Amino acid sequence: MPHLRPSHTCSAPFRPALPVPPVPPVPLVLPVVLLLLAALLVAGCGSGPRRISTPPSDQSVKYPKGEPQGPRAKPYTVLGKTYHPLLSAHGFSEEGVASWYGKDFHGRKTANGEIYDMYGLTAAHKLLPFNTVVKVTNLQNGRSTTVRVNDRGPFVGDRIIDLTNTAANQIGMLGPGTARVRVESVGDVPGLQDGDMTGRFYVQVGAFSNKDNASRLVTRLQGQGWNARMYWADMVRFWRVQVGPWSTLSEAERMREKLKGDFAVNFVVAD
């Protein structure tokens with residue numbers, strides 16, 4: 001079709017456009033074939049590999065529906081060491097190294113029978129009862145997250161808790177991989193009767209890069225009648241000085257209050 005410009009600039013007489021020849025109808029066979037191909041593709045996708053889910057929009061702590069299966073307070077042994085899970089998390093607090101675990105475990109069963117979701121807000125802890133909700137605070141930047149315990153671990157070095165990808169990101173730990181954190185229980189476990197926790201509890205009163213400083217503090221504490229120990233925490237590269245142990249959390253908490261006069265910054269740890 002020739003290009004039509006405005007009438008006041010046209011120098012050639014107007015000629016009507018030539019009629020466009022009719023388009024032949026598309027055979028019905030082609031749409032049917034396309035529909036069959038689409039159906040086959042959809043069916044093939046249903047049998048393909050399971051894709052990792054995208055992060056959910058709701059990042060709040062969630063409880064599983066029904067009763068999760070698997071061990072609860074039963075002792076268990078990993079790498080030759082036996083652990084005795086606590087009966088209650090009331091008042092629990094400890095400090096140590098946190099790490100996180102991701103896609104290698106995504107979609108696999110956790111210790112309490114749930115399916116691990118690296119985009120959820122859950123955690124692995126060696127001793128806390130399943131479904132315990134804890135606040136985890138990165139001591140280096142002050143950022144915190146709240147997670148629910150549904151797995152056991154970590155069983156590496158001096159680490160005290162394993163977080164999901166999402167929880168690690170919330171406290172700024174994804175890049176470094178580990179961080180010094182404080183773990184504090186939040187409320188009580190639904191359906192679990194509260195009670196004192198039994199185990200081996202210490203009050204940590206100091207951490208030193210210099211071994212001699214740690215040794216002098218241990219000697220001083222022992223001279224005051226305290227049962228004190230020191231050990232090298234390789235993950236954080238510090239000598240820790242702790243007093244104890246006590247067989248219940250409540251007893252350790254009472255001793256922590258007594259030690260506050262000389263050690264304002266102290267906390268209870270579970271062995």
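Counting starts from 1 at the beginning of each chain's written sequence and moves along it residue by residue. A pLDDT threshold of at least 70 governs which residues receive local features in this predicted model, and a stricter bar of 80 or more applies before side-chain atom pairs are shown or counted, although totals over entire chains, interfaces and linings include all residues. The basis for every side-chain value is the complete set of heavy atoms in the structure, and neither hydrogens nor water enter the calculation.

Colleague: Where do I start with the side chain of S99 in this structure?
Modeller: For the purposes of this entry, the term helix denotes a DSSP run of H or I that reaches at least four residues, the term strand denotes a run of E that reaches at least two, and both are numbered from the N terminus. On the secondary structure map, S99 appears in strand 3 (residues 93–100). Only protein chains enter the accessibility calculation, which uses a 1.4 Å probe; a residue is then buried when its area is under 20% of its type maximum, exposed when over 50%, and partly exposed in between. A residue is classified by how much of its surface remains accessible, and S99, at 1% relative accessible area, is buried. Polar contact criterion, stated in full: a pair of N or O atoms within 3.5 Å, where within protein one must be able to donate a hydrogen and the other to accept it, and residues adjacent in sequence count only if both atoms are side-chain atoms. At a separation of 2.3 Å, a polar atom in the side chain of S99 contacts the side chain of D162. Beyond its immediate chain neighbours, meaning those up to four positions away, S99 contacts P154, R159, I161, D162, L163, M173, G177 and T178. Should any heavy atoms of two residues lie within 4.5 Å, those residues are considered in contact.

Colleague: Where do I start with helix 3 (residues 211–223) in this structure?
Modeller: For an α-helix, 3.6 residues make a turn, and residues three or four places apart therefore share a direction. Helix span, expected: 1.5 Å multiplied by one less than the number of residues in the helix. Look at helix 3: 18 Å from first C-alpha to last across 13 residues, which is about the 18 Å you get at 1.5 Å a residue. Restricting attention to buried positions, one finds in helix 3 the residues A214, L217, V218 and L221. For helix 3, the arc enclosing every buried residue in end-on projection is 100°, short of the 170-degree limit, so these residues lie on one face. Exposed and oriented more than 90 degrees from the buried face of helix 3 are R216 and G223. Lining the buried residues of helix 3 we find strand 9 (198–208), strand 10 (228–233) and strand 11 (238–248). Of the residues trailing helix 3, G225 is marked for its positive phi of about 95°. Throughout, the arc means that of the directions going from the helix axis to the C-beta atoms.

Colleague: Got a minute to help me understand the confidence of the model for the chain in this structure?
Modeller: Low pLDDT marks stretches whose predicted atomic positions should not be read closely. pLDDT is a residue-level measure of predictor confidence that goes from 0 to 100. Model confidence for the chain is summarised by a mean pLDDT of 75, while 69% of its residues fall at 70 or above. The low-confidence segment residues 1–18, where pLDDT is below 50, has 2 contacts with residues more than four positions distant or belonging to other chains. Confidence drops under a pLDDT of 50 for residues 38–72, and excluding neighbours within four residues, the segment shows 44 contacts in the predicted structure.

Colleague: Mind showing me how you'd approach the sheet that holds strand 10 here?
Modeller: Two strands in a sheet stick together by hydrogen bonds in their backbones, pointing the same way (parallel) or opposite ways (antiparallel). The sheet built from 4 strands is open, its strands ordered 10-11-9-12 with antiparallel pairing. The outermost strands of the open sheet, each flanked by one partner alone, are strand 10 and strand 12 (267–270). Mean inter-strand twist for the sheet, computed between neighbouring axes without regard to direction, equals 45°. Relative to strand 12, strand 9 runs antiparallel, the two sharing 4 bridges. Each residue of the ladder has a partner; that of Y202, found in strand 12, is V269. In this description, a line fitted to the C-alpha atoms serves as the axis of each element, helices being fitted only across the stretch in contact, and the angle between N-to-C directions of two axes falls anywhere from 0 to 180 degrees. Contacts from helix 4 (residues 249–259) reach strand 9, strand 11 and strand 12, with the element oriented near 130° to strand 11. In this scheme, strands are said to pair when DSSP sees at least two bridges between them.

Colleague: Would you mind showing me how to read the pattern of salt bridges here?
Modeller: Close approach of charged atoms allows side chains with opposite charge to pair. Salt-bridge detection follows one rule: a side-chain nitrogen of Lys or Arg within 4 Å of a carboxyl oxygen of Asp or Glu. According to the stated counting rule, one finds 7 salt bridges in the structure shown. Note that R180 is salt-bridged to E95, the shortest N-O span being 3.8 Å. Taken together, the residues R180 in strand 8 (residues 178–185) and E95 in strand 3 connect sequence positions 85 residues apart. In this structure E95 comes out as buried when scored by relative accessible area, which is 10%. In this structure, the salt-bridge partner of E257 is R256, at a minimum N-O distance of 3.4 Å. Accessibility expressed as a relative area gives 18% for R256, which makes it buried. Three or more residues joined by partner-sharing salt bridges are found here, namely E253, R256, E257 and K260.

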